[in-house]
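# Tertiary structure, described
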Amino acid sequence: MWVTPSEVSILGLWSIDRANPYFVLQCRRGQENRRNSFTQILVATIDSVLDNKTSQYRILHKRSNPEVYYVIAEANKKEDIEGHWKWIEANLMPILEDIDVADDITVYIQWKIQSLCTEAEHEDVGDIESEKFKNATKKFHKVFNMPTEEKLVIYYSCSYWDGRVPRQGHLFVSVNYLCFFSNLLGKDITITVKFTDITLLERVNAFVSETIHICTRFHEYNFGMFRKIEETYQIVEQIANYAAKKLLSQKDAFQEEDWFPAVTKKTAPKVISQLKRDFDAKARSEIYRCRFRLPCDERLDGEIACHLWTPYNRSSIAGKLYISSNFICFSSKVYHQVNLIIPFRDIVVVEKHLNSSSSSNIDIQSGLVITIKYSGGPFVFSNFIDRTFILNKLSNLLSQYNEKTPLLISDPSPIDISPPLYLTFKNEITEEQQAMENIREVAWRTHFEVYGRGSPMYRTSELYDLLFQGIPNSLRNELWLLFSGAIYDKHTSPDVYRKCVHESSIVSNDQDLINEEIERDLYRALPDQKAYQDESGISVLRRLLRAYACYNTDVGYCQAMNIIGGVLLLYMNEEDAFWTLAALCERLLPDYYNTKVVGALIDQGRV
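This report concerns the structure included in the present document. (Residues numbered from 1 in each chain as written. Predicted model: local features only at pLDDT ≥ 70, side-chain atom pairs only at ≥ 80, totals over all residues. Heavy atoms only, no water.)

## Points about the packing of helix α14 (residues 496-504) against helix α18 (residues 574-588)
- It is at 10 Å that the axes of α14 and α18 come closest, and there the two elements cross at 90 degrees. Between α14 and α18, the interaxial angle falls into the category roughly perpendicular. Facing V496, Y497 and R498 of α14, the residues of α18 in contact are E574, E575, F578 and W579.
- The class makeup of the residues in the contact of α14 with α18 is four nonpolar, no polar and three charged. (Axes fitted to C-alpha atoms, helices over the stretch in contact; angles between N-to-C directions. Helix = DSSP H or I, 4+ residues; strand = E, 2+ residues; numbered from the N terminus. Parallel < 35°, antiparallel > 145°, perpendicular 65-115°, else oblique. Contact = heavy atoms within 4.5 Å. Nonpolar A, V, L, I, M, F, W, Y, C, P; charged D, E, K, R; others polar.)

Below, the structure is given as structure tokens:
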């Protein structure tokens, strides 16, 4: 391919294939014989050890000064470089013969080659991966005999420790495999490990430097001398986790569209593959969802540094603003200093900050104000690098959210939602316990007056202190629903619980088996509680567990759900308990409450 002209040395591990008065075609030593000569093996070994991603052929422009050369084209195949050479002979040589001044020749060649590079970039609109990555992909499929549908994510230069001798080569990471290839002095080492076969993956300090230690049932591997071991380990761990989840969920095939959204030429950097970029985006979205307890399908759109004005202490807090399709979130630089979650459903308008009366510390020229429907706010953000861009982005997302908000459909099967069972079946408590309950309730209501209430409240370190002191019974429904993130699932699916209750009453073969399991465990759930010594309490728990089994057909029902559901129903109404149970089983404690209880087994093995 044509490359931007740059000055190079003609010396080194190169030999001249052909030349004319203005250009020289060179190849790496040993390539001229087209066979596995000692010179070719030696040069290939040196390039592998030094990690020289050097093309095998190149074309140089030579100036009148014999010591100065400019590389103008590179290729790994001889037929490709010969095509460039023929183009030069047909299109450049006739013009250069008519130019008398040597410096003008060099200027013309540099201008012409640069224009060819620019044209190639504009023509290659669909190409979001570099030529080197494409060559690495071809090598990956050829060396490891991989099917064409196996997608390479990224590759790294590293060493494989075979005993005490490191073998320099490349680690190839694909969607399903981790592979290593090394060629030293004509001896090949090829390693292929399927991600689903990995039993242990860790970073260890061994040999000369930190290495990535990988174990399968029958083998152990150590890879080291990475330039960026943190990045390498992160992507390998992420794909290994994905492979384990895919294996546990018993999905037959990898579905790229579920995990990797399409990208455009403008947004995709050419230094990494599309899959690597999307794996990184998925990792950032997972961190974002876990930090703010958001639904599983929420994807991070972007983040930007800014300041949040906090009225409770009249100060400006530095942090980051996170934006997704349904939420605006803020997290301070100082851990737990303040977090903020604003759902788009609560937002009335996003506008420029025009009034400086609230604080002299707010940068008026870069401030934004978000006004919400309920009490609390407005929320003032400032110190944006580009306020106009953020304002337009938030306004567009708000408009799109309002357009896609579904109309509420009347429920075809109305049911009476049971209130928290502790209100009906009251256990006896001492005066001291009641006094502590009153103290906690006063403390929480005082906190709400200062920091706000509901989803868009200022979540500060004082909030976590209150949580450790305990939540009074009267607020557990509200706060469990809020802090688990279940409130967001409930708002997006207002009729789901009633429909699940209705569908679970229709008996099928599969449902009948699940119902039998539920019936066996119903009376074992918290038998000391008065609520579950009465048939009305048992009936509510039965309805909850059957509805969830109908909602999450992959899991259905497993042991211990009866205890969790029983505790939730004591302090939450029936529908809120359903969504909190879903949040626990699917997001907060994944792989705990399923038929294989893998999460519980793994954690027990770590104790």
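## Quick look at unusual backbone geometry
- Of note in the backbone geometry, M225 takes a positive phi value of approximately 60 degrees without being a glycine.
- If you trace the backbone, M225 turns up in the loop between β12 (220-224) and α5 (229-249).
- Unlike most non-glycine residues, R293 shows phi in positive territory, near 55 degrees.

## Points about empty space enclosed by the protein
- Across all of its chains, the model carries one cavity of 30 Å³ or more by this definition.
- A volume near 40 Å³ is recorded for the largest cavity.
- Considering the residues around the largest cavity, the lining is formed by V175, N176, K194, F195, T196, Y242, A243 and K246.
- Of all the elements, α5 adds the most residues to the lining of the largest cavity, at three residues.
- Looking at the lining of the largest cavity residue by residue, the classes come out as four nonpolar, two polar and two charged. (1 Å grid on protein atoms, 1.4 Å probe; cavity = no way out; pocket = protein on both sides within 12 Å on 5 of 7 lines; lining within 4 Å. Points joined across faces, edges and corners; volume = space filled by probe spheres on them.)

## Overview of the sheet that holds strand β16 (residues 339-343)
- As summarised here, the arrangement of the seven strands in space is β16-β15-β14-β13-β19-β18-β17, forming an open sheet in which the pairing is antiparallel. The open sheet has two edge strands, β16 and β17 (347-352), and neither has a second partner. Put simply, the sheet's adjacent strands are angled 30 degrees from each other on average, direction ignored.
- Across five bridges, the pairing between strand β14 (residues 315-324) and strand β15 (residues 327-332) is antiparallel. Residue pairing for β15: Y322 is matched across the bridge by C329. (Pairing = 2+ DSSP bridges.)

These figures come from the coordinates and say nothing about function on their own.
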